[in-house]
Amino acid sequence: MQIKLFDKTRWRLAAWYAGVMAVILAICGFSVYQVMIQAYLVSIDRELESVTGTLHNVIEPSLKQPAKIEPIIELILPNLCLANSDCPNSNHSKYQKFLHREHGMFSSVYQDKQYYIRFVDISDKLIAVAGFNPQELPQAFNSKTWQTLKDPQGNRYSQKSILLYTQSNQNWGYIQVGRSLKELDNRIFSFKIFFVIALPIGVILVGGSSWWLAGLAMQPIDKSYKQMQQFTSDASHELRTPLAAINATVETILDLEYLSEQEARETLRLIKRQNNRLAELVQDLLLLSRFDQKTQVVQKESCCLNDLINDLLEEFSDLANNTDLQLTSSLEYSQPLHVLGDEDQILRLFSNLIANAIQYTPAGGYVNVTLKRNNDDAVVEVRDTGIGIPSEEFPRIFDRFYRVDSNRSRSTGGSGLGLAIAKAIAQANGGSIEVQSQLSKGSTFIVRLPVFSAE
Ligand code: ADP
C-alpha cells in the first residue's frame, strides 16, 4: 500500500517536473528562435536599405528625363537588361557571364546575395532589371516602400521601393531593390527541424532526470514514513505488554472463588505497578512528541551543574551500593559551572544517563561522572566500565524504543526511550550528546551544554 502510494507520488512528481520543464524548454527555445530570426531579418533589411540608399544617391543626380535609363545606370549596373530586350534570367549563360564581371560597382551585391534591382516608371511599367532576375515574381507593381513577395515556388523576397526624381524635380519612376530570403527560410527550416528533434529528446531526458530527482525527493519522506510506522508498532508493542499483564492478573483473580485480603492487596499492587509503567510510558511519549512539535516549555534558568550532579550522585548512591558498583564524581572545574536551561529537564537527562550506566554495568564495576569546562561549554561525562555498545549501534542508540539487547533491557524495565529523551532535552537546552564506547570495556556519554555566566 505504502509502496504503491510512493510510486504513484513519484510518477506524479516526475510527470509534473517533466511537464513544467518541457514548457520552459519550449518557451526558451521559441524565444531564442524569435530573437535570432528577428535579428537576421533586421540585418537583411539594413543591408537592403543601405544598397537601395546608395543606388538612389548615385543614380538620382544624373536623371534627366522620366523613365529614361541614363548611361550612368548601365555603368554601375553592368548586367542591366532593358524591358522588351532579351533580358537574361539567372540560369542564362550570358547572364552568368554578366554576374562574374567584376567591374560593376554593385556586382558583388547581386552576385553573392541574390539581389535584384528593378526600374519601374510611374505608370507601373517595367523599364529595366539588373542583378538576379526572379522571372516569376508577381509583376503587379506596388509602390509600398517595404514588401515581402513570394514566387510560385514559395521563395520569399524582401523588397524596398523608392521614388526617384529627375534633375527638374519630375517623378522619374521607381527603383525597387529585392533580396532573396532563401537563406533565412533555410535557417528557419533548420531551426524547426532542430526543435522537432531536440524537444522530444530534451523532454525524454528531463523526464528521466525528473524520475530520478523525484526518487531523491521522496527518500526522506519514505524514511520518515518508515520511522513513523516503526514507532507506531514499537509504541503499541510497549503499551501492550503492561496491558496484557494487567489483563492476565485480573482474569486470574476473577477465576478465583475466594480472595483473601492479602491476595487482593498483592494483586492491586501488581496492577498498580503495571499501571505506573503504562503511565510512565505514555508520559515519556507525550514528552517526546512535545519536543518534536516544539511545544514543550523549557524554563530557562541558571542551573548549577555541580549541585545538580552532587544531588544525583546522592540519589543513586543506594542503587549503586545495592548493585555493588562504585559511583564517583570528579568535578574538574573548581568554580561552580552554571548553564541556562530547564533544571528539571537537565536533571532528567543526567538521571537517565546515570541510571543506564548503573543498569548496564556488572557488579564490581565503576560509574564516574565528570564535570569540566571546554571553552564555552560545560561538559558532563558519564563513564562506566559496563558491557559497552558495539560501534555499529552508535547511530541508532538515540532512536526511540531502540535497544541493543532488547531482552536484557526489557527485563530490567527499560522502555528504550531514555536516550531519546536525553537527546531531546540536550538539544532543547542548546546542547548536544554523543557516545563513545567499547564492547565489554564500558561506555562514556558526553553531554555539552553552553555555559551561562551572570555577565
Ligand atoms: P533503555 O530503557 O532500554 O535503557 P535507553 O534509551 O536508555 O533505553 O537506552 C537504549 C539502549 O542503549 C539500551 O537498551 C542499551 O542497549 C543501550 N545503552 C544505553 N546506555 C548504555 C550503557 N551505559 N552501557 C551499555 N549500553 C547502554
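Procedures and definitions
Residues numbered from 1 in each chain as written. Predicted model: local features only at pLDDT ≥ 70, side-chain atom pairs only at ≥ 80, totals over all residues. Heavy atoms only, no water. Helix = DSSP H or I, 4+ residues; strand = E, 2+ residues; numbered from the N terminus. Buried < 20%, exposed > 50% of the residue type's maximum accessible area, 1.4 Å probe, protein only. Contact = heavy atoms within 4.5 Å. Areas by Shrake-Rupley, 256 points an atom, 1.4 Å probe, with all protein chains shown as cover. Patch = residues over 30% accessible without salt bridge, like charges linked within 9 Å, V, L, I, M, F, W, Y side chains within 5 Å. Salt bridge = Lys/Arg side-chain N within 4 Å of Asp/Glu carboxyl O. Phe/Tyr/Trp six-rings, centres within 6.5 Å; stacked < 30°, edge-to-face > 60°. pLDDT = per-residue confidence, 0-100. Polar contact = N/O pair within 3.5 Å; in protein donor to acceptor, adjacent residues only side chain to side chain. Expected span 1.5 Å × (residues − 1). Bend = angle between axes of the 7 residues up to and from the residue. Lys, Arg positive; Asp, Glu negative; His and termini not counted. Charge placed at Lys NZ, Arg CZ, Asp CG, Glu CD. Core = buried A, V, L, I, M, F, W, Y, C linked by side-chain atoms within 4.5 Å. Pairing = 2+ DSSP bridges. Axes fitted to C-alpha atoms, helices over the stretch in contact; angles between N-to-C directions.

Engineer: Is there a simple way to think about the overall build of the protein chain in this case?
Structural biologist: Helix and strand counts for the protein chain come out as 10 helices and 13 strands. Across the 455 residues that make up the protein chain, the buried fraction comes to 38%. A fraction of 68% describes how many contacts in the protein chain between residues 6 or more apart in sequence connect residues 24 or more apart. Accessible surface for the protein chain amounts to roughly 26,300 Å². Of this, 55% is attributable to carbon and sulfur atoms.

Engineer: What am I meant to see in a nonpolar patch on the surface here?
Structural biologist: A cluster of nonpolar side chains, contributed by Phe189, Ile193, Val196, Ile197, Ile201 and Leu205, occupies part of the molecular surface with about 630 Å² of accessible area. Here leucine 205 is to be found in helix 5 (residues 182-255). Among the residues examined, leucine 205 registers a relative accessible area of 60% and is labelled exposed.

Engineer: What am I meant to see in the packing of aromatic side chains here?
Structural biologist: When we look at a pair of aromatic rings, we describe it by the centre distance and by the angle of the planes. Counting across every chain of the model gives 11 aromatic pairs. Ring centres 6.3 Å apart and planes at 85 degrees place the aromatic pair phenylalanine 398 and phenylalanine 445 in the edge-to-face group. Within this pair, whereas phenylalanine 398 is found in the loop between strand 11 (377-384) and helix 9 (406-411), its partner phenylalanine 445 is found in strand 13 (residues 442-450), the two being separated by 47 residues in sequence. Grouping residues by exposure puts phenylalanine 398 and phenylalanine 445 together as buried.

Engineer: I tried to follow the environment of isoleucine 73 on my own but got confused; where do I start?
Structural biologist: Within the secondary structure, isoleucine 73 sits in helix 2 (residues 71-76). Residue isoleucine 73 is classed as buried on the basis of its relative accessible area, which comes to 0%. Note: C-alpha distance between isoleucine 73 and leucine 63 (10 residues apart in sequence) is 9.3 Å. Here isoleucine 73 is in contact with Ile59, Leu63, Leu80 and Phe119, once residues within four sequence places are set aside.

Engineer: Sorry if this is basic, but what is going on with the confidence of the model for the protein chain here?
Structural biologist: Reading predicted coordinates in detail is not appropriate for stretches of low pLDDT. Mean pLDDT for the protein chain: 86, with 89% of residues reaching 70 or above. Considering only residues more than four positions removed or in separate chains, one finds that residues 89-103, a stretch of pLDDT under 50, has 26 contacts.

Engineer: It is not clear to me how the side chain of threonine 361 should be interpreted in this structure. Could you clarify?
Structural biologist: Within the element layout of this structure, threonine 361 appears in the loop between helix 8 (343-359) and strand 10 (366-374). Within the structure, threonine 361 has its side chain in polar contact with the backbone oxygen of alanine 357 (distance 2.5 Å). Look past the residues within four positions of threonine 361 in its chain and what remains in contact with it is Leu325, Tyr366, Val367, Asp384, Thr385 and Gly386.

Engineer: When you look at helix 5 in this model, what are you seeing that I'm missing?
Structural biologist: Helical periodicity: at 3.6 residues per turn, an α-helix aligns residues three or four positions apart in one direction. With 74 residues, helix 5 should cover 110 Å at 1.5 Å per step; its first-to-last C-alpha distance of 104 Å lies within 8% of that length. The largest bend along helix 5 reaches roughly 35 degrees and is located at methionine 218, with the proline proline 220 sitting one to four residues downstream.

Engineer: Can you walk me through a negative patch on the surface in this structure?
Structural biologist: Where like charges cluster on the molecular surface, the negative patch consists of Glu301, Asp307, Asp311, Glu314, Glu315, Glu343 and Asp344. If you list the elements that add at least two residues to the negative patch, you get helix 7 (305-322) and helix 8. Here the negative patch gets four residues from one element, more than from any other, and that element is helix 7. Note that glutamate 314 resides in helix 7.

Engineer: Sorry if this is basic, but what is going on with the nonpolar core here?
Structural biologist: The nonpolar side chains of a soluble globular protein tend to be buried, and buried together. Residues Leu349, Phe350, Leu353 and Ile354 are the most contacted members of the largest nonpolar core, which totals 48 residues. The set of elements that each furnish at least two residues to this core consists of helix 6 (261-292), helix 7, helix 8, strand 10, strand 11, helix 10 (418-428), strand 12 (432-438) and strand 13. Excluding residues that lie within four positions of it along the chain, leucine 349 makes contacts with Ala422, Ile425, Ala426, Ile433 and Val447. Counting residues in hydrophobic clusters, the runner-up holds 21 residues, among them Leu63, Leu77, Leu164 and Val177.

Engineer: Help me understand the environment of alanine 428 in this model?
Structural biologist: Among the structural elements, alanine 428 can be located in helix 10. When the C-alpha atoms of alanine 428 and valine 298 are compared, they prove to be 7.3 Å apart, with 130 residues separating the residues in sequence. What alanine 428 contacts, discounting residues up to four positions off in sequence, is Phe291, Val298 and Lys300.

Engineer: Please explain the sheet that holds strand 10 as it appears in this structure.
Structural biologist: Neighbouring strands of a sheet are bound in pairs by backbone hydrogen bonds; such pairs are parallel or else antiparallel. Read from one edge to the other, the open sheet built from five strands follows the order 8-10-11-13-12, with strand pairing classed as mixed. The open sheet has two edge strands with one neighbour each: strand 8 (326-331) and strand 12. Each neighbouring strand pair of the sheet contributes to a mean axis angle of 15 degrees, computed without reference to strand direction. Pairing analysis gives seven bridges linking strand 11 to strand 13, with the strands arranged antiparallel. Bridge pairing in strand 13 links valine 382 to phenylalanine 445. Sheet strands touched by helix 8: strand 8, strand 10, strand 11, strand 12 and strand 13. Its angle to strand 13, the strand with the most contacts, is close to 170 degrees. Together, strand 12 and strand 13 form the strand contacts of helix 10, whose direction differs from that of strand 12 by roughly 140 degrees.

Engineer: Would you explain the pattern of salt bridges in this entry?
Structural biologist: Should their charged atoms come close, side chains of opposite charge can pair. Counting across every chain of the model gives 13 salt bridges. A salt bridge links glutamate 266 to arginine 269, with the shortest nitrogen-to-oxygen separation between them at 3.1 Å. Of the two residues, glutamate 266 and arginine 269 are both situated in helix 6; the distance of three residues between them amounts to about one turn of the helix. We classify arginine 269 as partly exposed; its relative accessible area is 46%. Residue arginine 383 is joined to glutamate 381 by a salt bridge in which the shortest nitrogen-to-oxygen separation is 2.9 Å. Under the relative-accessibility criterion, glutamate 381 is labelled buried at 9%.

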